[in-house]
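The lines below spell out each chain.
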Number of protein chains: 2
Amino acid sequence: MKTIEWLEDRVRFIDQTKLPLEETYRETDLYTVIGDAIRSLSIRGAPLIGVAAAYGVALAALRSRQTDVQSFHDEIECAITGLASTRPTAVNLFRALERMKVVLYSNGSIDEVRQLLIQEATRIHMEDAEMCLRIGEHGAELLPDRARILTHCNTGALATGGEGTALSIITTAHRQGNSIMVYASETRPLLQGARLTTWELMNAGIPVTLITDNTAAFLMQQKKIDCVIVGADRIARNGDAANKVGTYMHAVTAKHHGIPLYVAAPSSSIDSTLEEGGKIPIEERNGSEVTEGFGRRIAPVGVDVYAPAFDVTPARLISAIITEKGIHRHPFDFR
Amino acid sequence: MKTIEWLEDRVRFIDQTKLPLEETYRETDLYTVIGDAIRSLSIRGAPLIGVAAAYGVALAALRSRQTDVQSFHDEIECAITGLASTRPTAVNLFRALERMKVVLYSNGSIDEVRQLLIQEATRIHMEDAEMCLRIGEHGAELLPDRARILTHCNTGALATGGEGTALSIITTAHRQGNSIMVYASETRPLLQGARLTTWELMNAGIPVTLITDNTAAFLMQQKKIDCVIVGADRIARNGDAANKVGTYMHAVTAKHHGIPLYVAAPSSSIDSTLEEGGKIPIEERNGSEVTEGFGRRIAPVGVDVYAPAFDVTPARLISAIITEKGIHRHPFDFR
């Protein structure tokens, strides 16, 4: 399974909205298809969104028929703006697009810049894969033997350009012979935990038990969870971390039970321009993702819905943050 | 809308699994149909289960063709055993069946006992309605003006023989002119919050916003919730309360934010034989309610699932318990 792949002149990606029932791949040479896939969550996960957006810029460059440099720049800038508007919370998207923009203004012919853009997108992808490996190695050191781990949402190969962030820690520990087991909280409304994390872990032969999000605290009360590991879509300078809605709930209940909570993310998820998490923009999704996400309507027509996609966990509830650079502990200060 | 009704020689009830899309009523003169309806959650809510089971016993008595008292007793005892085995956690079920059993052994002819059983079931129903009113009145005093209330699962007319427990407090406060608003957490896996609580509140003209269970803590962090009100399926002598899974999560996060949590239940939900909540039997439901509850499968085939229907909130996380007798505060001691 390759989550995303550059194929000479087009991008191939797995449609994550179809998993786990169907393993469907899509191919495109249009950056707008990449943008739509990000918006609709066919492509999701903070690091993967960054990788996909970079490939999107490369596609735009490849298809451009402009012959003068100014018009070429304008056209690609427009594609970058379009891709940047897909989702507001994950900072990796903006990071990747900034890097592509710098390359866009390299010296050279349009054709040379085109090749440089493809190279840069591929480099972002490879770097992400490398970061996943490092995160896995650093994080695996934190896990006690036979750890029973709670994770939320999906942070694996489907969420990144490599093996994952939080899930890379889990797969690395498993490879090292640690007999871990995982509780995957289903992650309403779009059920990335139920659909994607269970699928990845079952494929990897790692014991996993699915629970509803509201069962996690009860497991903690029963002393059945040793630690919580989650990803992050954006981390402020002080360590406050935005992640899939429900993470804050897990963090509060973990704290109440004295269970450590680890946040795993590439350093591209750190936004050092933000002093604290209250400044992270939180995307609100359409209420229909709550009311009709299961194939049939589950609430009265016309009901009001509040559907934030993310929440912010304050640094004081986070035991450590794991990036490719190592294990960061209090006081966090990401400059 | 009448949730359950005795119609001379049969019982009519709303099929709650069909709500809110269809308002379907079913009629039966068979106690086994009542038992199946309880098991499948067509009839649900601790107090309502008690009422329905009592009517079930009345139906069994009415249909019995026995002519000698001993055989009549045996047949009805068998029905009582069957009804008692439907669900293990709510104590109201066992309370109601005990009352019916006492009446079963009254002096008199089979026909007289039959009439006494019908009377007793109707009395249990009426008493429950009366208790709901009292709970509403007592609880409404606790609410600040313009309270923003979080509730979990469904505790309204659909869960009781009257206007509800936690929800009766809400509807009473609304009638008294308090401009309250409610956040209904959807209550996975069977979504009683999304399907039933929103429906009841919208019908009553009370502002309600639906959220996923994992969004509640984030709302508390944003200071958008003034109190949490929930029901209970069984309360131990010390005040520990079993209720729909997720209640414990709400209780821990409410405590973390200094938000009061109120438990509302008729005194028939109190089990004074149990010293503490750890002794309350917790029903585990079939994993398919998590993985395929809503028309399409949401997890890989063969995934392990842990699906408790209830959890136990320790008394120390409960600010007050409201019964028909009044507002009970620490230290709880229900003898």
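Just above, that's the structure.
The structure presented is a predicted model; accordingly, all values stated were derived computationally and were not measured. (Residues numbered from 1 in each chain as written. Chains lettered and ligands numbered in written order. Predicted model: local features only at pLDDT ≥ 70, side-chain atom pairs only at ≥ 80, totals over all residues. Heavy atoms only, no water.)

(A) Examining the pairing of strand β5 (residues 181–185) of chain A more closely. Residue and element names in this part refer to chain A. In terms of burial, β5 is a largely internal element, 4 of the 5 residues being buried. Two strands pair when backbone bridges link them, and strand β4 (residues 148–152) and β5 are joined in this way by 5 bridges, in the parallel orientation. Bridge pairing in β5 places T151 opposite A184. In this sheet, strand β6 (residues 208–211) lies alongside β5 in parallel orientation, the contact comprising 4 bridges. Bridging from a neighbouring strand, Y183 pairs with T209 of β6. The handedness of the β5 to β6 crossover, carried by helix α7 (residues 192–203), is right-handed. (Buried < 20%, exposed > 50% of the residue type's maximum accessible area, 1.4 Å probe, protein only. Helix = DSSP H or I, 4+ residues; strand = E, 2+ residues; numbered from the N terminus. Pairing = 2+ DSSP bridges. Right-handed = clockwise from strand over helix to strand, strands pointing away.)

(B) Structural detail: the pairing of strand β7 (residues 227–230) of chain A. Residue and element names in this part refer to chain A. Side chains C227 and I229 of β7 all project onto a buried face; the interleaved residues V228 and V230 project onto the opposite face, where all are buried too. In this structure, β4 lies alongside β7, joined through 3 bridges in parallel fashion. For L150, the partnering residue across the bridge sits in β7 and is V228. Bridge analysis of β7 against strand β10 (residues 261–264) gives 3 bridges, and the strand direction is parallel. Note on β10: the bridge partner recorded for V228 is L261.

(C) A look at unusual backbone geometry. Looking along the chain, the bond that leaves L19(A) and enters P20(A) is cis, with omega of 0 degrees. Here P20(A) lies in the loop between β2 (10–14) and β3 (25–28). Put simply, R188(A) and P189(A) share a cis peptide bond, and its omega is 5 degrees. Mapped onto the fold, P189(A) is located in the loop between β5 and α7. Backbone geometry at K223(A) places phi at a positive 60 degrees, although glycine is not the residue there. Of note, K223(A) is situated in the loop between α8 (216–221) and β7. A positive phi angle, near 65 degrees, is found at E8(B), a position not held by glycine. Here E8(B) shows up in the loop between β1 (4–7) and β2 (10–14). Since its relative accessible area comes to 72%, E8(B) is described here as exposed.

(D) View of the environment of R87(B). All names here are of chain B. Mapped onto the fold, R87 is located in the loop between α3 (69–84) and α4 (92–104). Accessibility expressed as a relative area gives 7% for R87, which makes it buried. Residues R87 and I322 lie 235 residues apart in sequence; the distance between their C-alpha atoms is 24 Å. With residues up to four places along the chain from it excluded, the contact list for R87 reads I38, L41, I49, L93, F94, E283, R285, A309 and F310. At a separation of 2.9 Å, a polar atom in the side chain of R87 contacts the side chain of E283. (Contact = heavy atoms within 4.5 Å. Polar contact = N/O pair within 3.5 Å; in protein donor to acceptor, adjacent residues only side chain to side chain.)

(E) Up close: the interface of chain B and chain A. Each partner contributes residues to the interface: chain B has 58 residues there, and chain A has 58 residues. For the pair chain B and chain A, the two sides together bury roughly 4600 Å², of which 67% comes from carbon and sulfur. At the boundary of chain B with chain A, the tally comes to 2 salt bridges. Its salt-bridge partner being R188(B), residue E186(A) comes within 2.6 Å of it at the nearest N-O pair. For the pair chain B and chain A, the interface holds 18 residue pairs in polar contact (both at pLDDT 80 or more). For the side of chain B that touches chain A, the secondary-structure elements that each account for two or more residues are α7 (192–203), β6 (208–211), α8 (216–221), α9 (247–256), α10 (288–291), β12 (304–305) and β13 (310–313) of chain B. Residue composition of the side of chain B that touches chain A, by class: 32 nonpolar, 17 polar and 9 charged. (Buried area = accessible area lost by both parts, 1.4 Å probe. Salt bridge = Lys/Arg side-chain N within 4 Å of Asp/Glu carboxyl O. Nonpolar A, V, L, I, M, F, W, Y, C, P; charged D, E, K, R; others polar.)

(F) Broad picture of the packing of helix α2 (residues 46–63) of chain B against α3(B). Residue and element names in this part refer to chain B. Running from amino to carboxyl end, α2 crosses α3 at an angle of 150 degrees, the nearest separation of the two axes being 9 Å. Considering their axes alone, α2 and α3 lie roughly antiparallel with respect to each other. Handedness of the crossing formed by α2 with α3: right-handed. When α2 is examined against α3, the residues A53, G56, V57, A60 and A61 are found in contact with a partner set consisting of F72, E75, I76, A79, I80 and L83. (Axes fitted to C-alpha atoms, helices over the stretch in contact; angles between N-to-C directions. Parallel < 35°, antiparallel > 145°, perpendicular 65-115°, else oblique. Left-handed = near helix turned anticlockwise from the far one by under 90°.)

(G) The arrangement of the pattern of salt bridges in detail. Summed over all chains, the structure comprises 50 salt bridges over all chains. Between R99(A) and E120(A) there is a salt bridge whose closest N-O contact spans 3.0 Å. Here R99(A) is found in helix α4 (residues 92–104), whereas its partner E120(A) is found in helix α5 (residues 110–140), with 21 residues between them in sequence. Residue E120(A) is classed as buried on the basis of its relative accessible area of 8%. The partner of D9(B) in a salt bridge is R10(B), and the shortest N-O contact between them spans 3.2 Å. For D9(B), a relative accessible area of 40% puts it in the partly exposed group. The class of R10(B) is partly exposed, set by a relative accessible area of 30%. The network of salt bridges with shared partners includes K2(A), E5(A), D9(A), R10(A), R12(A) and E27(A).

(H) Local environment of the nonpolar core. One finds V228(A), I235(A), V263(A), V228(B), I235(B) and V263(B) to be the most contacted residues of the largest nonpolar core, which totals 62 residues. Contributions of two or more residues to this core are made by α8, β7, α9 (247–256) and β10 of chain A together with α8, β7 (227–230), α9 and β10 (261–264) of chain B. When neighbours within four sequence positions are excluded, V228(A) is seen to be in contact with L150(A), M220(A), A254(A), I259(A), P260(A), L261(A) and Y262(A). (Core = buried A, V, L, I, M, F, W, Y, C linked by side-chain atoms within 4.5 Å.)

(I) The arrangement of the sheet that holds β2(B) in detail. All names here are of chain B. One open sheet holds the 3 strands; their spatial order is β1-β2-β3, and the pairing between them is antiparallel. Lying at the two open borders of the sheet, with one neighbouring strand each, are β1 and β3 (25–28). With direction set aside, neighbouring strand axes in the sheet form an average angle of 20 degrees. In terms of strand pairing, β1 meets β2 through 4 bridges, oriented antiparallel. Across the sheet, the residue bridging to W6 is V11, located in β2.

(J) Focus on the sheet that holds strand β14 (residues 320–323) of chain B. Pairing is mixed in the open sheet, where 8 strands are placed in the order β12(A)-β6(B)-β5(B)-β4(B)-β7(B)-β10(B)-β14(B)-β15(B). Across the chains shown, the open sheet's two edge strands, defined by having one partner strand only, are β12 (304–305) of chain A together with β15 (326–328) of chain B. Of the strands in this sheet, β10, β14 and β15 of chain B are in contact with helix α5 (residues 110–140) of chain B, which crosses β14(B) at around 145 degrees. Where helix α6 (residues 166–175) of chain B meets the sheet, its contacts fall on β4 (148–152), β5 (181–185), β7, β10 and β14 of chain B, and the angle it forms with β7(B) comes to roughly 125 degrees.

(K) Spatial organisation of the relation of the copies chain B and chain A. Note on the identical chains: chain B maps onto chain A by a rotation of 180 degrees and an axial translation of 0.0 Å, with an RMSD of 0.1 Å. Taken together, the rotation angle and the small translation identify this as a two-fold axis. With an isologous cut-off of 70% or more, the 100% of interface residues of chain B that recur at the interface of chain A puts this contact in the isologous class. (Least-squares fit on C-alpha atoms with pLDDT ≥ 70 in both.)

Spatial relationships are all this shows, so hold off on functional conclusions.
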